[in-house]
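What follows is the residue order along each chain.
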Amino acid sequence: MANIKSAKKRIKVINTKTERNKAIKTKVKTYIKKVEAAIAANDKVAASEALTACISEISKATSKGIFHKNTASRKIARLSKAVNAIA
């Protein structure tokens with residue numbers, strides 16, 4: 001356990017940020033699952049709507065520093081490609 005006041009504060013701050021990051025990552029994963037479920041059901045309309053919402057959430061997470069911009073772009077590209085592949 002830390003003895004120095006600044007070290008104790010850093011531990012608190014890191015824990016707070018970790019919880020925030022976990023919550024945002026979980027939210028993004030949920031949106032991705034919704035898109036993938038719509039793709040599995042071959043429902044193009046629902047998949048497109050879910051994709052729009054998912055892209056928004058991924059972009060928000062990227063702007064907050066949760067994801068690297070290339071990671072976000074990769075996730076968006078893969079989901080978009082899968083939605084567009086639906087007949």
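See the structure printed just above.
These figures come from a predicted structure and were not determined experimentally.

Trainee: How should the overall build of the protein chain be read in this particular structure?
Mentor: Counting its regular elements, the protein chain contains three helices and zero strands. Sequence-ordered secondary structure for the protein chain, helices as α and strands as β, is α-α-α. Taking 2.2 N^0.38 as the reference for a compact globule, 87 residues should give roughly 12 Å; the C-alpha atoms of the protein chain span a radius of gyration of 17 Å, well beyond that estimate. When the backbone C-alpha atoms are referred to their principal axes, the protein chain occupies close to 60 × 20 × 15 Å. Sequence separation of 24 or more characterises 60% of the internal contacts of the protein chain that already satisfy a separation of 6 or more. Accessible area for the protein chain stands at about 6,300 Å²; split by element, carbon and sulfur atoms hold 56% of it. For the protein chain, the centre of its 21 positive side-chain charges and the centre of its 5 negative side-chain charges are spaced 15 Å apart.

Trainee: Looking at this model, I keep getting lost on the side chain of E57. Mind explaining?
Mentor: By the secondary structure assignment, E57 is in helix α2 (residues 44-63). Ignoring any residue separated from it by four or fewer positions in sequence, one finds E57 in contact with K27, V28 and Y31.

Trainee: So what exactly am I meant to see when it comes to the side chain of S80 here?
Mentor: Residue placement: S80 occurs in helix α3 (residues 69-84). At a separation of 2.8 Å, a polar atom in the side chain of S80 contacts the main-chain carbonyl oxygen of I76. In this structure S80 touches L51 and I55, once residues within four positions along its chain are discounted.

Trainee: Whenever I open this one, the pattern of salt bridges confuses me. Can you help?
Mentor: Opposite charge on two side chains makes pairing possible when the charged atoms of those side chains draw close. Summed over the entire model, instances satisfying the criterion amount to two salt bridges. In this structure, K27 and E57 form a salt bridge, with 3.8 Å as the shortest nitrogen-oxygen distance. Taken together, the residues span a long stretch of sequence, with K27 in helix α1 (residues 5-40) and E57 in helix α2 at a distance of 30 residues. According to the relative accessible area criterion, K27 is partly exposed, its value standing at 42%.

Parameters and conventions
- Residues numbered from 1 in each chain as written.
- Predicted model: local features only at pLDDT ≥ 70, side-chain atom pairs only at ≥ 80, totals over all residues.
- Heavy atoms only, no water.
- Helix = DSSP H or I, 4+ residues; strand = E, 2+ residues; numbered from the N terminus.
- Rg over C-alpha atoms; globule rule 2.2 N^0.38 Å.
- Contact = heavy atoms within 4.5 Å.
- Areas by Shrake-Rupley, 256 points an atom, 1.4 Å probe, with all protein chains shown as cover.
- Lys, Arg positive; Asp, Glu negative; His and termini not counted.
- Charge placed at Lys NZ, Arg CZ, Asp CG, Glu CD.
- Polar contact = N/O pair within 3.5 Å; in protein donor to acceptor, adjacent residues only side chain to side chain.
- Salt bridge = Lys/Arg side-chain N within 4 Å of Asp/Glu carboxyl O.
- Buried < 20%, exposed > 50% of the residue type's maximum accessible area, 1.4 Å probe, protein only.

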